[in-house]
Amino acid sequence: MRLPDSVTGSFLVVLGAASAYGGWLLPPVPGQPVGPNVFPLVIGTGLALCGLAIVFGIGHTFEEAEELIPLEDGQAAAAPPPQGKFYSLRALLPPALLLFYVVAADRLGFIITAAIMVYVTSTALGAKWKLALPLAALSPFAIHLIFGKLLRVPLPAGLLPTPW
Amino acid sequence: MLKTLIEAFALISTWEVIIAMFAASVYGLVIGSLPGLSATMATALLVPVTFYLSPIAAIATIVAASSMAIFSGDIPGALLRIPGTPASAAYADEAYAMTRKGQAELALGAGVWFSAVGGIAGVLSLMILAPPLAEIALSFSTFEYFWLALLGLMCATLVARSSPVKAIAGMFLGLLVSCIGIENPGGVPRFTFGLTDLFGGIEPIPALVGVFAVAQVMRAMLTPEPPPLPRRKFGSIMAGQWMLTKKYHWQMTRGNIVGIIIGVLPGAGADMAAWVSYAMSKRFSKEPEKFGTGHVEGLVEAGASNNASIASGWVPSLLFGIPGDTIAAIAIGVLYMKGLNPGPTLFTEKASSMYAIYLMFIIANILMIPLGIAMIRIAAYILLAPRSAIMPIIMLCCAVGSFAIGNNMFGVVTVAAFGIIGYVMEANGYPVAAMVLGIVMGTMVEQAFVTSLIKSDGSILPFFERPVAAILAAMAIGALLWPVMVWVWRKVKPVRTGAAATSR
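Notes on the structure in this doc start here. (Residues numbered from 1 in each chain as written. Chains lettered and ligands numbered in written order. Predicted model: local features only at pLDDT ≥ 70, side-chain atom pairs only at ≥ 80, totals over all residues. Heavy atoms only, no water.)

## What about the side chain of N256 of chain B?
Residue and element names in this part refer to chain B.
Okay, so step 1: Relative to the helices and strands, N256 resides in helix α12 (residues 249-264).
Okay, so step 2: Taking the relative accessible area as the measure of exposure, N256 reaches 8% and is therefore buried.
Okay, so step 3: Not counting the four nearest positions on each side in its chain, N256 is found in contact with V117, G118, A121, A304 and A308. (Helix = DSSP H or I, 4+ residues; strand = E, 2+ residues; numbered from the N terminus. Buried < 20%, exposed > 50% of the residue type's maximum accessible area, 1.4 Å probe, protein only. Contact = heavy atoms within 4.5 Å.)

What follows is the structure, encoded as structure tokens:
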């Protein structure tokens, strides 16, 4: 997911310009020279300037110097993981599962949706079914007990209501 | 004073507070000891629970969990060479070297003992610094608040261990996020794109959970599992600590002071304090050659430092609503939620609550010694839990917790979105902490800025006219220019040495 600085910088320039323009379109407070328009204008301009600086590599020297500072390198060096073509896309699994929760929780209910989430995450991290299955079966009930019962969060019941 | 102290004791001696504090301590110790789960994440996941607690119990959980997590990050650092929290990264190698020399007890004991001492020093600084600062802060106008907030944001970019330009960009991103919604000077929908869910703005807490917890689960998807912990028998853990205290009392004091200062600086937290103190200890040591080979001196200083910064990080948070570090940023959210709005008047109107916070910090740090020793003894069993069993639970807590904050599904969408944002930013060297501060402080900065502009009729001059404002302005601008000066200095220095070499 490491992108070149020119890409992230250009993105910031566009975002900054867009927000500055968006802010500029907003009306000021009646009878005042300033209002909700000023702040986005300032921030957008600043962001665009930072983006430009990043594109031109200003401040890059600091980053390289920084990589030397973790002297003895706190993280234990591990063998590089096997890299498939779509390997890095695995990182998108957690947010995708959260969106799945948003879509499915009301229909399927908390217990079922949560069990699916737990099972998928656990398997993706390398768990065998012997661990993932009991975990998926038990942890939703435990979380429901804490949040639903003790803290009274209205978790959707859906197809499988809890016994309490 | 005595009356408020008694009131404070009454506030904290309820069963709810005691149970909440104990449970949060255990929770903090466990989360902190698991590699990859930071103290900030532990605190962020705790927020939905604090919703349903009384104000004092809510703060108790945060105080206890954050202090404990910072200490217990030392455990896998010493035993596995993998820091449990970023705050332990600075000296994980040193502690691991001690374990290999057969001094694991001494290393971990120093972790517990000097963490507790550091924590208590931090509370003392909070007790001593906060009231007089509150007195000064009472006379602040919006101009001072604007510069103070700006100074806080600039400090956050200065201490980020990355490119200052990227840090500033991260800060602007956070401020931009805070622009969303109708809570602005004109009360008009801003950057909502017609979505009613965005009218209320982006809540800081789901954003924090996304950036710190979901992004961490995303990274776990791509990194190999850490090795299991070898089981070992520990001897006495506290033996020799008193001797160390006497031998290294000066290092300990210096660590405490550095930790307190870094904690008070907005945006710089425990990890920064540990790095600075460890480096300082090495620099001023009488035996610097021993560093890196399993020498306890750096551990004493850095361990005393990172825990001191936790408590002193609350000073700017309670006084101005400017978070001292990311944990304090979460704490501010909880304070607002519980009607303890940060500000100088907190110390006069809610004095007993303030004393209760001090007391809870002291109790948490005393409790750390027995609980920490127990934790060290059972750490081998806890660290047996595979990542594939912990991360799914974290995911569930993210989903349920972010839903619980507003009882609507948009919170979960926010968490997912900020998970991706946090992951991409981290991978490309944009400091996430700077963005978090931007989100938390955005509304305050804008309000101070626009109100000041209206008062000054659009002129810039009054921003510098009041003496305190002028000093703060000079500091903020200095902080902005500091990276430029460092850059110039670096450019000039090699030239000069090069010239010296040729002239010779």
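Still to come is the rest of the account.
## A few points about the nonpolar core
Okay, so step 1: Among the nonpolar cores identified, the biggest contains 210 residues, and Y101 of chain A together with W314 of chain B are the most heavily contacted of them.
Okay, so step 2: By residue number, the principal contributor to this core is helix α18 (residues 351-382) of chain B, which donates 16 residues.
Okay, so step 3: Excluding its chain neighbours within four sequence positions, the residues that come into contact with W314 of chain B are I59, I62, V63, L126, A331, I357 and F361 of chain B.
Okay, so step 4: Counting five residues, the second largest nonpolar core, distinct from the first, contains I262, A268, M272 and A273 of chain B. (Core = buried A, V, L, I, M, F, W, Y, C linked by side-chain atoms within 4.5 Å.)

## Details of the packing of aromatic side chains
All names here are of chain B.
Okay, so step 1: Under the definition given, this model contains 16 aromatic pairs over all chains.
Okay, so step 2: Relative to Y145, the ring of F140 lies with its centre 6.0 Å away and its plane at 80°, an arrangement referred to as edge-to-face. For the pair F140 and Y145, a shared accessibility class is recorded, and that class is buried.
Okay, so step 3: Centre to centre, the rings of F146 and F463 are 5.5 Å apart; their planes meet at 80°, and the pair counts as edge-to-face. One end of the pair, F146, is in helix α8 (residues 142-159); the other, F463, is in the loop between α21 (432-455) and α22 (467-503), and 317 residues separate them in sequence. (Phe/Tyr/Trp six-rings, centres within 6.5 Å; stacked < 30°, edge-to-face > 60°.)

## As for the environment of L480 of chain B
Okay, so step 1: Within the element layout of this structure, L480 of chain B appears in helix α22.
Okay, so step 2: L480 of chain B sits 121 residues away from L359 of chain B along the chain, and the two C-alpha atoms are 38 Å apart.

## Examining the environment of W250 of chain B
All names here are of chain B.
Okay, so step 1: Within the secondary structure layout, W250 lies in helix α12.
Okay, so step 2: Assessed through its relative accessible area of 52%, W250 is described here as exposed.
Okay, so step 3: Once the C-alpha coordinates of W250 and E301 are considered, the two residues, 51 residues apart in sequence, prove to be 9.0 Å apart.

## Here we look at a nonpolar patch on the surface
Residues and elements named next belong to chain B.
Okay, so step 1: On the surface, a nonpolar cluster with roughly 1,000 Å² of combined accessible area is contributed by L158, I460, F464, I477, L480, L481, W482, V484, M485, W487, V488 and V492.
Okay, so step 2: Broken down by element, the nonpolar patch gets its largest block of residues, nine residues, from α22.
Okay, so step 3: Within the fold, W487 resides in helix α22.
Okay, so step 4: Taking the relative accessible area as the measure of exposure, W487 reaches 40% and is therefore partly exposed. (Patch = residues over 30% accessible without salt bridge, like charges linked within 9 Å, V, L, I, M, F, W, Y side chains within 5 Å. Areas by Shrake-Rupley, 256 points an atom, 1.4 Å probe, with all protein chains shown as cover. Salt bridge = Lys/Arg side-chain N within 4 Å of Asp/Glu carboxyl O.)

## A look at the pattern of salt bridges
Residues and elements named next belong to chain B.
Okay, so step 1: Enumeration according to the criterion identifies seven salt bridges over all chains in this entry.
Okay, so step 2: The salt bridge involving R81 is made with D93; its shortest N-O contact spans 2.4 Å. Placement of the pair is R81 in the loop between α5 (74-80) and α6 (92-100) and D93 in helix α6, with a sequence separation of 12 residues.
Okay, so step 3: Residue class for D93 comes out buried when judged on its relative accessible area of 13%.
Okay, so step 4: Between K290 and E287 there is a salt bridge, with the nearest N and O atoms lying 3.4 Å from each other.
Okay, so step 5: Classification of E287 by relative accessible area gives partly exposed; the value is 22%.

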